[in-house]
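Here are the chains, one letter per residue:
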Number of protein chains: 2
Amino acid sequence: MSGTIEVPESSSVAKGKAPLIATPAQEKAGWKKGVAIIDFLLRLGAIGSALGAAASMGTSDEILPFFTQFFQFEASYDDLPTFQFFVIAMAIVGGYLVLSLPFSIVAIVRPNAVGLRLLLLILDVVALTLANSSASAAAAIVYLAHNGNSNTNWLAICQQFGDFCQTASGAVVASFIAVVLFMFLIALSALALRRH
Amino acid sequence: MSGTIEVPESSSVAKGKAPLIATPAQEKAGWKKGVAIIDFLLRLGAIGSALGAAASMGTSDEILPFFTQFFQFEASYDDLPTFQFFVIAMAIVGGYLVLSLPFSIVAIVRPNAVGLRLLLLILDVVALTLANSSASAAAAIVYLAHNGNSNTNWLAICQQFGDFCQTASGAVVASFIAVVLFMFLIALSALALRRH
């Protein structure tokens, strides 16, 4: 217990040699690494849903097999401004998710990078709002296309354009899956942010 | 400096008498208290917007000043299922916000209650999604009511029911204010959650 012998021992501890039994701080880092890996996987799923929704809606197009001399009956996503907004918003959300993947990987490597996690959480909230807005607006229009509204004399167009409506409904469902994944992403980030 | 004299001094420190110069830990607690007070004020604003939107949409009703023998021309929010959903969702969000006020006050009194802040953040994300869904769906329908859509033969009804459309548009704007306030609430909670 003399001072001169203790000096090298304490300096080796300060350099961070791992002890055989994990300390609580290391267990916490491992737990945070697990959260970061789940975050990465959820992001991959959300990319699939968002880009799938954008692509599916963007290629929805139906030409009816009968026509008159002057008319061809065609329904496409760009007939409805809400569906155009849907395609644009979902493409932006998908692009944001792809760009956020490297940051998610950094969060796996450095589980204690708090500023990064905070930035991802706030950007995720913005992306959630954008995705949710476009998904809900498109859902309202799809509902109208399926059921019409007798009070306002808006007729259901799905009786004529069944395939178009199917594709649009599928895209809306995919976008809501992306929204739910975003909610889990935000909850996970908040869990990883808390201080103990 | 004798032991018997020091005992009351140290116990008075333990009871929390404030020293003249704030330590870093106390400054942090003060900063978190400030965040909690802003949180409370934002919640009050969001209550106003959400309940205002629900009340405004719920009382929107217009009877045209002419009628036939069998018909009276009337537009009300319950002619459109999307507007009914809007009123219900906004009332739920307003109710959640009122119920969350006591928890927000507890967060002011105890700025370091991490579990409480995490709970509020996750519930806020759910409420944000609900508010945003109903607001966006109603916005899509209000847009349709204003502009109609020639491709699907949905006519603009706002030319007949101008006052009804005005009220509905105002309610949608109020609900989007609530959505923006929710985004700030979540960002603030995340800031207060981070560990340093």
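Residues numbered from 1 in each chain as written. Chains lettered and ligands numbered in written order. Predicted model: local features only at pLDDT ≥ 70, side-chain atom pairs only at ≥ 80, totals over all residues. Heavy atoms only, no water.

In the nomenclature of an unreviewed UniProt entry, chain A corresponds to CASP-like protein from the organism Quillaja saponaria. According to the UniProt record, the Subcellular location (unreviewed entry) comment for chain A is "Cell membrane". Reading the Subunit (unreviewed entry) entry of the UniProt record for chain A gives the comment "Homodimer and heterodimers." (UniProt positions renumbered as here; feature names shortened; annotations may be inferred.)

Peer 1: So what's going on with the overall build of chain A? Residues and values would help.
Peer 2: The secondary structure content of chain A amounts to 5 helices and 2 strands. Order of helices (α) and strands (β) in chain A, N terminus to C terminus: α-α-β-β-α-α-α. The 196 residues of chain A split such that 45% are buried. For chain A, restricting intrachain contacts to residue pairs at least 6 apart in sequence, the fraction spanning at least 24 positions comes to 78%. Carbon and sulfur atoms make up 69% of the accessible area of chain A, which totals about 10,200 Å². (Helix = DSSP H or I, 4+ residues; strand = E, 2+ residues; numbered from the N terminus. Buried < 20%, exposed > 50% of the residue type's maximum accessible area, 1.4 Å probe, protein only. Contact = heavy atoms within 4.5 Å. Areas by Shrake-Rupley, 256 points an atom, 1.4 Å probe, with all protein chains shown as cover.)

Peer 1: Any chance you could break down the relation of the copies chain A and chain B for me, citing the residues and the numbers?
Peer 2: Superposition of chain A onto chain B requires a rotation of 180 degrees combined with a translation of 0.0 Å along the rotation axis, giving an RMSD of 0.0 Å. One copy is carried onto the other by what is essentially a two-fold rotation axis. When the interface residues of chain A are mapped onto chain B, 100% of them again lie at the interface, so the same face is used by both copies. (Least-squares fit on C-alpha atoms with pLDDT ≥ 70 in both.)

Peer 1: Give a detailed account of the interface of chain A and chain B, specifying residues and quantitative values.
Peer 2: Each partner contributes to the interface: chain A provides 40 residues, whereas chain B provides 40 residues. Roughly 3,500 Å² of surface becomes buried between chain A and chain B when both sides are summed, with 70% attributable to carbon and sulfur atoms. Where chain A packs against chain B, one counts 0 salt bridges. Where chain A packs against chain B, one counts 12 residue pairs in polar contact (both at pLDDT 80 or more). Of all elements in the fold, only helix 2 (24-58), helix 3 (81-109), helix 4 (114-147) and helix 5 (162-193) of chain A reach the threshold of two or more residues within the side of chain A that touches chain B. A total of 17 residues in the side of chain A that touches chain B trace back to one element, the largest contributor, which is helix 4 of chain A. The class makeup of the residues in the side of chain A that touches chain B is 25 nonpolar, 10 polar and 5 charged. (Buried area = accessible area lost by both parts, 1.4 Å probe. Salt bridge = Lys/Arg side-chain N within 4 Å of Asp/Glu carboxyl O. Polar contact = N/O pair within 3.5 Å; in protein donor to acceptor, adjacent residues only side chain to side chain. Nonpolar A, V, L, I, M, F, W, Y, C, P; charged D, E, K, R; others polar.)

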